[in-house]
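These are the residues of each chain, in order.
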Amino acid sequence: MMDGQTTAYRVMIVDDEAILRTGMVHLCRWSDFGIEIVAQASNGKEALQAIGQAQPHVVLTDIVMPVMDGVELTRELRTLHPEIGIIVLSSYSEYNYVREVFKYGVTDYLLKPKVSAGELVSLIQSLCSGMAPERLRQPMRTQEPSLLLGRWLESEEPDVYPVELAEQFTAGRFLLLKASTSLALSRTKWNQGQLESMLLELAAEQLAEWRHESIFLKHEMVLLLHYVSEEEDGAKAALNRYAEAAREALTYLSFVQSEPFQAFEDIKSQQERLTPYLGKLIYYSGAAAVPEAEIASCDRHSEQPAFNQSLFAASLRIYSIEDVRTQLKAFFSELSATHSMDEYSLKRFAQNLIYTALSLLEAQKQPVAELGKSRLRLFKLIDLAFHIEELEEILLQFLDDLKGILPCSDKQQSAILQQIYAYVDENFDSDISLSEMADKLHMNYSYLSTYFKQRANENLTSYINRVRIGKAQELLHRQDLTVSEISRLTGYSDHNYFSKVFKKKTGMTPIEYRNQTSW
């Protein structure tokens, strides 16, 4: 059994609108401030009936309510329970109502549309701070089911569950939906309280016929649906409708749906098992809710594709952006098929690619300073990507930006190769310097050989020797030139080395070649 944790300040909410009551319950994590919402009531009469069991320190009440309004409730509370603090929360701002409730000792008055969690917390803490210590130590007798569930799910004791709550869930079957709320909060206008209120309202609309609880954890939301086994198809359909409505309202929200299970005490372990699957929802951009079995099946049959970091770096060093683009698109295509990286790892991978690219090009003295300044903005965009296609597009746009500022665009690559051929053809008879060639072509000399090999499928040194030996073969037809002279005319200062290279390329020594081809 889960032990009740006594908090300093207990609060009751009285409002005739259930959605507003529930929204207030989830306005913030009250327990972080030593506050517990212990009861709700839809009018003053219900509140008075529940006071004895709930024993609140503070009552938050609306003014305009059926049966018994807030004015009469405050009057009764002052007579029957003068020790309870009263705060009026209402959208009804006419002064005569405000004046009326203040006659009965209301502590403060706040307008609902303007109330903030911080303001309300401060007010409750201030009001309760003057209460007698023995009153604050009185045991708490009731708690909201969703808050009790939330406390249990966040506890570090998996085997300790609220037995008193389990007794309310006896139908025998459960389903869970779980979602991360981080992106919805980061990419929409909604704050935490507004998001929770919206999801609660959608649950009330879509799941009105079902026993359900909305539980808000840190950066996550869990929806628990309780039903009898004969209603399983209907329960799953209802959850899908809810998930679709939540996606339509918040855009950046996707759910993992659990398999059905039977035991109340398994709720904690079941929702924890769903957590890793949240990181795979990035691959399901078209689905509002994805069954955990579908994600698990893909995980079992997938292997993570390898990304060739060396090839990535080599292509960048020779400014071959189209090659990088092709490599990246192929990798993302494999990821989309295998789902092998979770969202966190995939986003860190993308950020690392940008960091590597900029660092490498900065080392080559390329003008990427402006892009470097926007590195944090790019990292933020990556963190906010909702699906894999969006993440891929961010990286491809980054490559397009690189292509626009590097001195050698991909359209120039074949022209550069031709310039290398021309340079060797013009300078084969002298000592060819890779440094001078690189300067002439505006390339880093350290990567000139890498560029040529990738484009020509041949080592640059091998190509230079091939050109020189070809010229030597032509000159060997001239009987007026000695082999030593031909060696010097084709760029070889060492006659023996020339003969060695010539035989390797042709299978004959220079003398053998001259004798065989002479008339």
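Read on for an overview of the structure. (Residues numbered from 1 in each chain as written. Predicted model: local features only at pLDDT ≥ 70, side-chain atom pairs only at ≥ 80, totals over all residues. Heavy atoms only, no water.)

## Examining the packing of helix α16 (residues 343-363) against helix α18 (residues 375-383)
To keep things clear, this is the line we draw: Between the N-to-C directions of two axes lies an angle of 0 to 180 degrees, each axis being a line fitted to C-alpha atoms and, for a helix, fitted only over the stretch in contact. Each helix corresponds to a stretch of at least 4 residues labelled H or I by DSSP, and each strand to a stretch of at least 2 residues labelled E; elements are numbered beginning at the N terminus. Roughly parallel here means an angle under 35 degrees, roughly antiparallel means over 145, roughly perpendicular means 65 to 115, and every remaining angle is called oblique. For any pair of crossing helices, the crossing counts as left-handed if the nearer helix is rotated counterclockwise from the farther one by less than a right angle, and right-handed if it is rotated clockwise. Contact criterion: two residues are considered in contact whenever any of their non-hydrogen atoms come within 4.5 Å of each other. We call Asp, Glu, Lys and Arg charged. Ala, Val, Leu, Ile, Met, Phe, Trp, Tyr, Cys and Pro are nonpolar, and the rest, Gly among them, are polar.
Look at α16 against α18: their axes get within 9 Å of each other, and the N-to-C directions meet at 160°. It follows from the interaxial angle that α16 and α18 lie roughly antiparallel. Between α16 and α18 the crossing geometry is right-handed. Note on element contacts: α18 touches α16 through R375, L378, F379, I382 and D383, opposite K347, R348, A350, Q351, I354, Y355, L358 and E362. Of the residues belonging to the contact of α16 with α18, the class tally is 7 nonpolar, 1 polar and 5 charged.

## Considering the environment of N427
Defined as follows: Residues adjacent in sequence count toward polar contacts only when both atoms are side-chain atoms; beyond that, a polar contact is any pair of N or O atoms within 3.5 Å, and within protein one must be able to donate a hydrogen and the other to accept it.
Tracing the chain through its elements places N427 in helix α20 (residues 413-427). C-alpha separation for the pair N427 and G491, spaced 64 residues apart in sequence, amounts to 8.4 Å. Only 2.7 Å separates the side chain of N427 from the backbone oxygen of Y423, close enough to count as a polar contact.

## Things to note about the environment of R21
To keep it simple, the criterion reads: Residue exposure (1.4 Å probe, protein chains only): buried if accessible area is under 20% of the type maximum, exposed if over 50%, otherwise partly exposed.
Considering the arrangement of structural elements, one finds R21 in helix α1 (residues 18-25). Given the relative accessible area of 13%, R21 is considered buried. When the C-alpha positions of R21 and A41 are compared, they lie 8.5 Å apart, and in sequence the two are 20 residues distant. Ignoring any residue separated from it by four or fewer positions in sequence, one finds R21 in contact with I13, D15, D16, Q40, A41 and S42. Here the side chain of R21 touches D15 through a polar contact of 2.7 Å, landing on its backbone oxygen.

## So, the pairing of strand β7 (residues 211-217)
This is how it is decided: A pair of strands counts as paired when DSSP detects no fewer than two bridges linking them.
Most of β7 is tucked away: 5 of the 7 residues are buried. Pairing analysis gives 7 bridges linking β7 to strand β8 (residues 220-227), with the strands arranged antiparallel. Opposite F216, over in β8, you have M221 as the bridge partner. Counted between consecutive antiparallel strands, the loop separating β7 from β8 contains 2 residues, among which H219 sits at a positive phi close to 65°.

## Section: the sheet that holds strand β6 (residues 173-180)
Strand order in the open sheet formed by 5 strands is β7-β8-β6-β9-β10, and the pairing between neighbours is mixed. Single-partner strands in this sheet number two, and they are β7 and β10 (289-291). Between one strand axis and the next, the sheet turns by 20° as a mean value, whatever way the strands run. Strands in contact with helix α7 (residues 145-154) are β7 and β8; relative to β7, the strand with the most contacts, it is inclined by about 50°. Contacts between helix α12 (residues 267-278) and the sheet are confined to β6, β7, β8 and β9 (255-257), with β6 contributing the most and set at about 35° to the helix.

## Looking at the packing of aromatic side chains
Quick reminder of the rule: Only the six-membered ring of Trp is used, alongside the rings of Phe and Tyr, when aromatic pairs are assigned; centres must lie within 6.5 Å, and planes under 30 degrees apart are stacked while those over 60 apart are edge-to-face, with the rest tilted. By definition here, charges over rings are those cases where NZ of Lys or CZ of Arg is within 6 Å of the ring centre and within 35 degrees of the ring normal.
Enumeration according to the criterion identifies 19 aromatic pairs in this entry. Seen in terms of ring centroids, F502 and Y513 are 5.5 Å apart; in terms of plane orientation they differ by 75°. Their pairing is edge-to-face. Of this pair, F502 sits in helix α25 (residues 495-506) while Y513 sits in helix α26 (residues 510-517), and the two are 11 residues apart along the sequence. Residue class for F502 comes out buried when judged on its relative accessible area of 0%. Taken together, the aromatic side chains of W152, F169, F174, F261 and F264 make up a single cluster linked through ring pairs. Above the plane of the ring of F169 lies R211, whose end atom (NZ or CZ) is 4.0 Å from the centre. The ring centre of Y344 lies 4.7 Å from the NZ or CZ of R348, which sits over that ring.

## Notes on the pattern of salt bridges
This is how the line gets drawn: By definition here, a salt bridge exists when the distance from a side-chain nitrogen of Lys or Arg to a carboxyl oxygen of Asp or Glu is within 4 Å.
Inspection of the entire model under this criterion finds 19 salt bridges. Of the charged contacts in the structure, one is a salt bridge between D480 and R478, with a shortest N-O distance of 2.9 Å. Judged by its relative accessible area of 53%, D480 falls in the exposed class. The partly exposed category is assigned to R478, whose relative accessible area is 41%. Salt bridges sharing common partners tie together R29, D32 and E154.

## As for empty space enclosed by the protein
Put simply, the rule reads: Definitions used throughout: a 1 Å grid over protein atoms alone; a cavity as a set of points that fits a 1.4 Å probe which cannot get out; a pocket as an open set with protein on both sides within 12 Å along at least five of seven lines; a lining residue as one with an atom within 4 Å of a point. Grid points are joined across faces, edges and corners, and a volume is the space filled by probe spheres set on the points.
Scanning the entire structure with this criterion turns up 1 cavity of 30 Å³ or more. Roughly 50 Å³ of internal volume is contained in the largest cavity. What lines the largest cavity is F312, V324, L328, L353, I354, A357, L395, F398 and L399. Looking at the lining of the largest cavity, the elements with two or more residues in it are α15 (321-338), α16 and α19 (388-405). Partitioning the lining of the largest cavity into residue classes produces 9 nonpolar, no polar and no charged.

## Quick notes on unusual backbone geometry
The backbone of H219 shows a phi angle near 65°, a positive value even though the residue is not glycine. On the secondary structure map, H219 appears in the loop between β7 and β8.

## So, the nonpolar core
Our working definition: Grouping buried Ala, Val, Leu, Ile, Met, Phe, Trp, Tyr and Cys residues that are joined through side-chain atoms within 4.5 Å yields what is termed a nonpolar core.
If you look at the biggest cluster of nonpolar residues, it comprises 64 residues, and the most contacted ones within it are F264, F332, L346, F398 and L402. Among the elements that make up this core, the one with the highest residue count is α16 (9 residues). If we skip the residues at most four places from it in the chain, F264 touches L149, W152, Y161, P162, L165, A166, F169 and F174. With 29 residues, the next largest nonpolar core counts L200, F216, M221 and L253 among its residues.

## Remarks on the side chain of K178
Looking at the secondary structure, you find K178 in strand β6. A residue is classified by how much of its surface remains accessible, and K178, at 1% relative accessible area, is buried. A polar contact is formed between the side chain of K178 and the side chain of E220, at a distance of 3.2 Å.

## Overview of the pairing of strand β4 (residues 85-90)
Filter applied, for reference: With the strands pointing away from the viewer, any crossover whose connection runs clockwise from the first strand over the helix to the second is right-handed.
Along β4, 6 of the 6 residues are buried, which leaves the element largely enclosed by surrounding structure. Of the two faces of β4, the one carrying G85, I87 and L89 and the one carrying I86, V88 and S90 are both buried. In the sheet, strand β3 (residues 58-61) pairs with β4 via 4 bridges, with the strands oriented parallel. If you follow V58 over to β4, its bridge partner there is G85. As for the winding sense of the linkage, the β-α-β connection from β3 through helix α3 (residues 70-80) to β4 is right-handed.

Keep in mind that these numbers describe shape and distance, not what the molecule does.
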